[in-house]
Amino acid sequence: MHWLQWMILGLILFLLIKPFLPNRWLTNLTPTQVKDLLKKPQEFQFIDVREPFEYKNGHIKGIKNIPMSQLSQRQQEISHDRAIVITCQSGFRSKRAAKILKRSKFKNLSHLERGVNSWEGKLSK
């Protein structure tokens, strides 16, 4: 019975750290990289998954707001033909949003690591 307790403890620890592990299919971007990509709107689409009140308090110019709470219902607004850059406040919701989009067969997913909190430029209102 002792080994069963260790297995359960190991499983619990894995589930706790899993959200913090990197994903091979999701590219982490720096603010500088996102600034460069924003210059290529024909190749990339940019999505901010924060709620509207957060977005209105300050967002990166050129990034469309599709709140996480509406992402599943609004996927038709996202093209499968262009790479997707996702952002949120800190980087956690953008990772979750990327998982949702990946399950819906979207490819070329990336996110602003550490989210809008890491943005070095002026935010639009």
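Note that the structure is a prediction, hence the values are computed from the model and not measured.

A. Quick look at the pairing of strand S5 (residues 109–112). By the alternation rule, side chains of S5 split into Leu109 and His111 and Ser110 and Leu112, which are all buried. Pairing analysis gives four bridges linking strand S1 (residues 26–29) to S5, with the strands arranged parallel. Note on S5: the bridge partner recorded for Thr27 is Ser110. Pairing between strand S4 (residues 83–87) and S5: three bridges, direction parallel. Of the residues in S5, the one forming a bridge with Ile84 is Leu109. Taken together, S4, helix H4 (residues 92–103) and S5 constitute a β-α-β crossover, and its handedness is right-handed.

B. Seen up close, the pattern of salt bridges. This structure, assessed with the given rule, holds five salt bridges. Across the pair Glu77 and Lys64 runs a salt bridge, and its minimum N-O distance is 2.8 Å. Residue Glu77 is located in the loop between strand S3 (64–65) and S4, and its partner Lys64 is located in strand S3; the two are separated by 13 residues in the primary sequence. The partly exposed category is assigned to Lys64, whose relative accessible area is 38%. Sharing partners across several salt bridges, the network here consists of Lys64, Arg74 and Glu77.

Basis of the calculations
- Residues numbered from 1 in each chain as written.
- Predicted model: local features only at pLDDT ≥ 70, side-chain atom pairs only at ≥ 80, totals over all residues.
- Heavy atoms only, no water.
- Buried < 20%, exposed > 50% of the residue type's maximum accessible area, 1.4 Å probe, protein only.
- Helix = DSSP H or I, 4+ residues; strand = E, 2+ residues; numbered from the N terminus.
- Pairing = 2+ DSSP bridges.
- Right-handed = clockwise from strand over helix to strand, strands pointing away.
- Salt bridge = Lys/Arg side-chain N within 4 Å of Asp/Glu carboxyl O.

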